[in-house]
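Working through the structure, step by step
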Amino acid sequence: MKKAVTLYDYIKWRGDLSFKQDVFNERDAAVLSQLIYTDFNPFIQGDNEDKDYITFKDVGEKIKTHTDFSIVNGDYIQRKEEYDDFLLAACDTERYGNIRISKYVDITVIEDNIQFAAATFELDNGIKVITFRGTDDSVVGWKEDFMLSFETTGSQKKAGEYIKARLKDEIDGPFFICGHSKGGNLAIYAAAVLKDEEKEMLQHIYMFDGPGIYDPVLNERAITEANPFLNNEADTKKKIKELYRSLDDKTTRISPKSCFIGKIFEAKFTDTRLVQSTAKGLGQHSLVTWQMDYHDFLYAEKFERGSVWAGKIFDEWLKDQDMEKRKIFVEEIFGAFEEAGIERFSDILKNGFSSIKKIAEATSGISDETKRMALEFPKKGINDIGITRKKSKNYIKLDY
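Here's a quick rundown of the structure. Going along each chain's sequence as written, the residues are numbered from 1 onward. At least 70 in pLDDT is required for a residue's local features to be given in this predicted model, at least 80 for side-chain atom pairs to be given and counted, and no such filter applies to totals for whole chains, interfaces and linings, which use all residues. Each side-chain value is worked out from all heavy atoms of the structure, with water and hydrogens disregarded.

**A short note on the sheet that holds strand 4 (residues 128-132)**
- The rule for pairing is simple: two strands pair if DSSP sees at least two bridges between them. Helix and strand assignments come from DSSP, with helices taken as H or I runs of at least 4 residues and strands as E runs of at least 2, each series counted from the N terminus. Spatially, the nine strands line up as an open sheet ordered 1-2-3-4-5-6-7-8-9, and their pairing is mixed. The strands lining the two open edges of the sheet, one partner per strand, are strand 1 (53-55) and strand 9 (299-300).
- Inspection of the sheet shows strand 3 (residues 114-122) paired to strand 4 by five bridges, in the antiparallel sense. Within strand 4, the residue paired with Glu122 across the bridge is Lys128.

Here it is in structure tokens:
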């Protein structure tokens, strides 16, 4: 069987061409949205203090000699070797090796429920790409994702602050924004705080399987000041559509055909594409599994039925829970992890039964209301399966 072509193969194939020779495209944006999961802290400290950037070529050389490094994807343990190989392959190329990494920010504040990271990548043609990291395997990172349903998160605010700072101190020409998973959500939020004159410099936004924005964002001062037209509309759903419409001509959203994360508060942009993957189910969320024919991603015309079903059930579940209930639910569920001393989900795999026992003990104190909410989601799914079981189609058309 012929080996599936992925972004790793694209790096090896296209890596000899600079961005002056072959312009930045959605595949490059996906590569950078994967590379931002690298912990750059070990590489920008010490002997790099004499300059305000480091190149991927420098990173590669340091990895080969002595520096420990890590990739911080949520599924890092399962795909460690793939991510390591991906990073090293990019560092060794002309195309990505010469990219300058600057203004790297990596913040985790447990007490404030913030897990945020971003960097500015400067291409060899001078164009900058602001790239936001998605969720890592930290409990606080996943908690923040759930908080999207009832408030503007710390990471969203940080994303707005980050892009404003870059435009103030260094970016005065064309630039791109991109991100994967939560990073895709932050890319949209960051673009939404830009005023008209700032948006003129923005070339494009690439959102890779990220959740959309939700009601609380619409009340943020940074959003309302940049988008005064929102004040003319009272209905929140229409407001979100209007906000998306203002960014529509500059946004490309790409998700796998088995899309789950991207179905959360789904961001419906005109240029929405579905990509084939080497993985199954939720595993398709990982960028390194997305398939290509070198020149482009291999696209599909339809979402898998399970993807559409999951999005529908999530929406129905949310309708039954008001903002305060959602907040209590998230605080109690993730509070149990904190009480058990679990800071990263990889800790559960490392410590095995002892971690599971601690979590079980901690969850015993969760309120009956939270337990009911936790059970409500699978119940809705089971009921829906019962209603739709007789349907024979395996896919649903992309209806945009």
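Back to the write-up after that little detour.
**Quick notes on the environment of Asp249**
- Along the chain, Asp249 turns up in the loop between helix 12 (236-247) and strand 7 (251-256).
- Burial classification: accessible surface area is computed with a 1.4 Å probe over protein chains only, and a residue below 20% of its type maximum counts as buried, one above 50% as exposed, and the rest as partly exposed. A relative accessible area of 63% means that Asp249 is categorised as exposed.
- As a C-alpha pair, Asp249 and Asp271 span 22 residues in sequence and 8.2 Å in three-dimensional space.

**Section: the packing of aromatic side chains**
- Centres within 6.5 Å make a pair out of two Phe, Tyr or Trp rings, where for Trp the six-membered ring is used; the pair is then stacked when the planes are under 30 degrees apart, edge-to-face when over 60, and tilted otherwise. One pass over the full model with this rule turns up 19 aromatic pairs.
- Between Phe24 and Phe176, the aromatic rings sit 4.7 Å apart at their centres with planes inclined by 55 degrees, giving tilted as the arrangement. Of this pair, Phe24 sits in the loop between helix 1 (7-14) and helix 2 (26-35) while Phe176 sits in strand 5 (residues 175-180); the two residues are 152 residues apart in sequence, bridging distant segments of the chain.
- On the basis of relative accessibility, which here comes to 9%, the residue Phe24 falls in the buried class.

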